[in-house]
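Remarks on the overall topology
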Amino acid sequence: MTTNKPTHSGGCLCGAVRFVASGDPIGGNHCHCGMCRKDSGSGVSSFVCFPTSAVTWNGMPTDYESSPGKFRGFCPKCGSSLTWRNGAKDSEIDFRLGSFDDPRPFKARKHLWMSTALESFAGIDPDIEHLD
Ligand SMILES: [Zn+2]
Ligand SMILES: [Zn+2]
């Protein structure tokens with residue numbers, strides 16, 4: 001099969017979970033909420049959103065239901081945090097930006113939950129929702 005769509009491969013740290021997302025992302029953000037901090041162990045969590053139908057898997061993340069109907073996926077072997085999805089909106093899935101083998105094509109500038117952001121991120125304009 002030939003296609004002109006770009007493909008974006010990624011996976012967890014150990015390689016037990018791999019995925020390929022085809023085409024362009026439909027969204028992306030950097031989330032400063034406390035739950036994402038706990039989930040990632042990092043000060044901010046960056047996500048890239050794709051249609052679920054554009055994604056193929058080799059190995060699957062294990063889901064943790066962090067809020068009712070909201071699922072955070074992680075590798076069952078190495079624990080890498082990989083995905084976030086809303087069970088009520090199964091047509092979309094968010095991937096952690098750093099899980100892609102090459103995250104450089106993704107340029108989302110939208111920042112969520114700046115009201116709970118750490119001092120380190122002061123000065124970021126939360127109103128910038130430009131995606132390019
Ligand atoms: Zn793994
Ligand atoms: Zn968050």
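Up top is the structure these notes are about.
In every chain, residue numbers begin from 1 and rise along the written sequence. Note on labels: chains are lettered from A, ligands numbered from 1, in written order. Per-residue local features are limited, in this predicted model, to residues with pLDDT of at least 70; the limit for side-chain atom pairs, both in listing and counting, is 80 or more; totals at the level of whole chains, interfaces and linings are taken over all residues. Side-chain numbers come from the whole structure's heavy atoms, not from hydrogens or water.

Description of the overall build of the protein
From N to C terminus, the protein includes one helix and ten strands. Against the compact-globule benchmark of 14 Å for 132 residues, the protein has a radius of gyration of 15 Å, which places it among compact chains. Here the protein, with 132 residues, has 33% of them falling under the buried criterion. Each accessible area is a Shrake-Rupley estimate made with a 1.4 Å probe; only the visible protein chains count as cover when residues are assessed. Carbon and sulfur atoms make up 52% of the accessible area of the protein, which amounts to about 7700 Å² in all. Of the charged side chains in the protein, 14 are positive and 14 negative; the average position of the first set lies 4 Å away from that of the second. Helix and strand definitions follow DSSP, with helices as H or I runs of at least four residues and strands as E runs of at least two, each counted in order from the N terminus. All radius of gyration figures rest on C-alpha atoms, and the globule criterion is 2.2 Å times the number of residues raised to 0.38. Here the term buried applies to any residue with accessible area under 20% of the maximum for its type, exposed to any over 50%, and partly exposed to those in between, with areas from a 1.4 Å probe on protein chains only. Residues scored as positive are Lys and Arg, those scored as negative are Asp and Glu, and His as well as the terminal groups of each chain are ignored. All charge positions are set by atom: Lys at NZ, Arg at CZ, Asp at CG, Glu at CD.

Structural notes on the coordination of the zinc ion (ligand 2)
Of the protein atoms, only C31 (SG), C33 (SG) and C36 (SG) coordinate the zinc ion (ligand 2), at distances of 2.1 to 2.3 Å. Coordinating donors are taken as N, O and S atoms within 2.8 Å of the metal, stretched to 3.2 Å for Na, K and Ca; because water is absent from the atoms, sites can appear incomplete. Sequence spacing of the donor residues for the zinc ion (ligand 2), all on one chain, is C-x1-C-x2-C.

Some words on the pattern of salt bridges
Pairs can form between side chains of opposite charge whenever their charged atoms are close. Between Lys or Arg on one side and Asp or Glu on the other, a salt bridge is scored when a side-chain nitrogen of the former is within 4 Å of a carboxyl oxygen of the latter. In total, this model carries seven salt bridges according to the counting rule given. Linking D39 and R72 is a salt bridge whose minimum nitrogen-to-oxygen distance equals 3.0 Å. With D39 in helix α1 (residues 34–40) and R72 in strand β7 (residues 70–74), the pair connects residues that are 33 residues apart, well separated along the chain. Given a relative accessible area of 7%, R72 falls into the buried group.

Topic: the coordination of the zinc ion (ligand 1)
Within the protein, the zinc ion (ligand 1) binds to C12 (SG), C14 (SG), C75 (SG) and C78 (SG); these donor distances fall in the range 2.3 to 2.4 Å. One way to put it: the four donor atoms around the zinc ion (ligand 1) meet at angles of 106 to 113°, and that makes the site tetrahedral. On the primary sequence, the residues serving as donors to the zinc ion (ligand 1) are separated as C-x1-C-x60-C-x2-C. Under the classification used here, a metal with four donors is tetrahedral if each angle lies between 85 and 135 degrees, square planar if opposite donors are over 155 degrees apart and the others between 65 and 115, a six-donor metal meeting that same test is octahedral, and anything else is irregular.

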